[in-house]
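Spelled out, the chains give:
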Amino acid sequence: MTGSRAWHLASRPSGLPDMSHFELKPVDLPPLADGEARVENMWLSVDPYMRGRMNDVKSYVPPFEVGAPLQGGAVGKVVESRSPDLKVGDTVFHMMGWREQASGPAASFNKVPAMGVSDEQWLGNLGLTGATAYFGLLRVAEAKEGDIVFVSAAAGAVGSAVVQIAKARGMTVIGSAGGEEKCAWVRELGADAAIDYKAGPVVKSLIEAAPKGIDVYFDNVGGDHLDAAFAAARNNARFAICGMIEGYNAGPPPSFRYIMRVIAARIRMQGFIYTDYMAEMDQFYRDMGGWIASGRVKSRETVREGIEAAPRAFLDLFSGGNMGKMLVRL
Ligand code: NAP
């Protein structure tokens, strides 16, 4: 047996979770069977969608089980292998995060493509974060050159990728974020305007920043941001509904003041999950890899140190404690 530690779900939260909902416990990893590998995790991803998995409800991914290790994106190195497909020293990304070591069938680990980028990028702009931004903007919203794009949580992981992809494809971009420091970074990434949603009503700031209206809304937040996008939408606007973090702890908003604009402006709204586009990952790697190599897309991470830091890093997503991608380095 090999020893490792993993964060477990101690109990299900209602509202905003706290440290009492998490427990760090040792786990025994049994000796490997044929076809299996063991991985030492180096980077763990914490993501807003994990909040939904803490509830006992049916969704597109099963809920976390109380008393069981949590799961999530991770990058690590193979330290033992009984599979011809993986050798010791290979870097892999996989879904057995929230723990120091992971073991299982070799097929549950993906060798990172040889693109010469830093390991943590496989959880950021070249991982599910970047893929969500890319497919949400270009496939779901069908955003194209000349469009005016509004994106919320623009200083976060997905949002900062949306800003940069939209600029790389010749769009006008308005991003919203909480606070002037974040807004300054959103402008640095190339956004034409940035709205500090904490400084005043989003609808007022958006209409001032986009006097001609918006063609595309990339929603990471829901609530007032989505309502503001209804108000500002031009005819035939397309909304990619990626996330609604404002409601993950508080529940859905009571109402939308401007929702009837959906009819007059012929707004098309579509929710999506990035896995809908797995068949197109080669195209994503080509485009995103090219933008990263040319410096067109830049990556920024907020890094917390050590396995102990994982729950706090996760909780801090809900109060905006990150710029770019929130990661835990082991
Ligand atoms: P992130 O944006 O890096 O982190 C969350 C950010 O949300 C925080 O930094 C904070 O920024 C903002 N925020 C938190 N609470 C807020 C509130 N009440 N009102 C407004 N803003 C709030 O996280 P991410 O991983 O990139 O995810 C962004 C969104 O995409 C989330 O909604 C997530 O669930 C969704 N997502 C969807 C998919 C999919 O396949 N559909 C995949 C990945 C992510 P401020 O400081 O600016 O408030």
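Structural data are supplied above this passage.
What you see is a predicted model; the values in this text were computed from it and never measured.

Asker: Any chance you could explain the environment of Ser 45 here in plain terms?
Answerer: In this fold, Ser 45 is placed in strand E3 (residues 36-45). On the basis of relative accessibility, which here comes to 4%, the residue Ser 45 falls in the buried class. Considered as a pair, Ser 45 and Leu 123 are 78 residues apart in the sequence and their alpha carbons are 6.4 Å apart. If sequence neighbours within four positions are ignored, Ser 45 has contacts with Met 50, Gly 73, Leu 123, Lys 325, Met 326 and Leu 327.

Asker: Explain the sheet that holds strand E8 (residues 148-151) here, please?
Answerer: Pairing between the strands of a sheet is mediated by backbone hydrogen bonds and can be parallel or antiparallel. As summarised here, the arrangement of the 6 strands in space is E10-E9-E8-E11-E12-E13, forming an open sheet in which the pairing is parallel. Every interior strand has two partners, whereas the edge strands, strand E10 (193-196) and strand E13 (268-271), have only one. Neighbour to neighbour, the strand axes of the sheet diverge by 15° on average, direction disregarded. Relative to strand E12 (residues 233-241), strand E11 (residues 214-219) runs parallel, the two being bridged by 5 bridges. For Val 216, the partnering residue across the bridge sits in E12 and is Arg 238. Across the sheet, helix H3 (residues 157-168) is in contact with E8, strand E9 (172-177) and E11; its angle to E9 comes to roughly 165°. Along the sheet face, helix H5 (residues 202-209) touches E8, E9, E10 and E11 and points at about 165° away from the line of E10.

Asker: In this structure, what is going on with the pattern of salt bridges? I would like to understand it.
Answerer: It is possible for side chains of opposite charge to pair when their charged atoms get near one another. Under the definition given, this model contains 19 salt bridges. Close ionic contact of Arg 82 with Asp 34 constitutes a salt bridge, the shortest N to O distance being 2.5 Å. Within this pair, whereas Arg 82 is found in the loop between strand E4 (74-81) and strand E5 (91-94), its partner Asp 34 is found in the loop between strand E2 (22-29) and E3, the two being separated by 48 residues in sequence. Between Glu 80 and Arg 38 there is a salt bridge, with its nearest N and O atoms 2.9 Å apart. Within this pair, whereas Glu 80 is found in strand E4, its partner Arg 38 is found in strand E3, the two being separated by 42 residues in sequence. Overall, the relative accessible area of 30% leaves Glu 80 in the partly exposed class. Owing to a relative accessible area of 12%, Arg 38 belongs among the buried residues under this scheme.

Asker: Teacher, can you tell me more about the site of the ligand here?
Answerer: With respect to spatial proximity, 27 residues lie near the ligand, and among them Val 158, Lys 182, Tyr 197, Tyr 248 and Asn 322 are the closest. In the environment of the ligand, an oxygen atom lies 2.9 Å from a nitrogen or oxygen atom belonging to the backbone of Asn 220. Between the ligand and the protein, one listed contact pairs an oxygen atom with a side-chain N or O atom of Asn 322 at 2.5 Å. Protein coverage of the free-state accessible area of the ligand, which is 910 Å², stands at 93%. Breaking the shell around the ligand down by element, the ones donating at least two residues are helix H2 (128-140), H3 and helix H7 (246-250). Residues belonging to the shell around the ligand are distributed by class as follows: 17 nonpolar, 8 polar and 2 charged. Residue assignment places the shell around the ligand across two domains, with domain 1 (2-124 + 300-329) and domain 2 (140-275) each supplying three or more.

Parameters and conventions
Residues numbered from 1 in each chain as written. Predicted model: local features only at pLDDT ≥ 70, side-chain atom pairs only at ≥ 80, totals over all residues. Heavy atoms only, no water. Helix = DSSP H or I, 4+ residues; strand = E, 2+ residues; numbered from the N terminus. Buried < 20%, exposed > 50% of the residue type's maximum accessible area, 1.4 Å probe, protein only. Contact = heavy atoms within 4.5 Å. Pairing = 2+ DSSP bridges. Axes fitted to C-alpha atoms, helices over the stretch in contact; angles between N-to-C directions. Salt bridge = Lys/Arg side-chain N within 4 Å of Asp/Glu carboxyl O. Near = heavy atom within 4 Å. Polar contact = N/O pair within 3.5 Å; in protein donor to acceptor, adjacent residues only side chain to side chain. Areas by Shrake-Rupley, 256 points an atom, 1.4 Å probe, with all protein chains shown as cover. Nonpolar A, V, L, I, M, F, W, Y, C, P; charged D, E, K, R; others polar. Domains from an automatic or database assignment.

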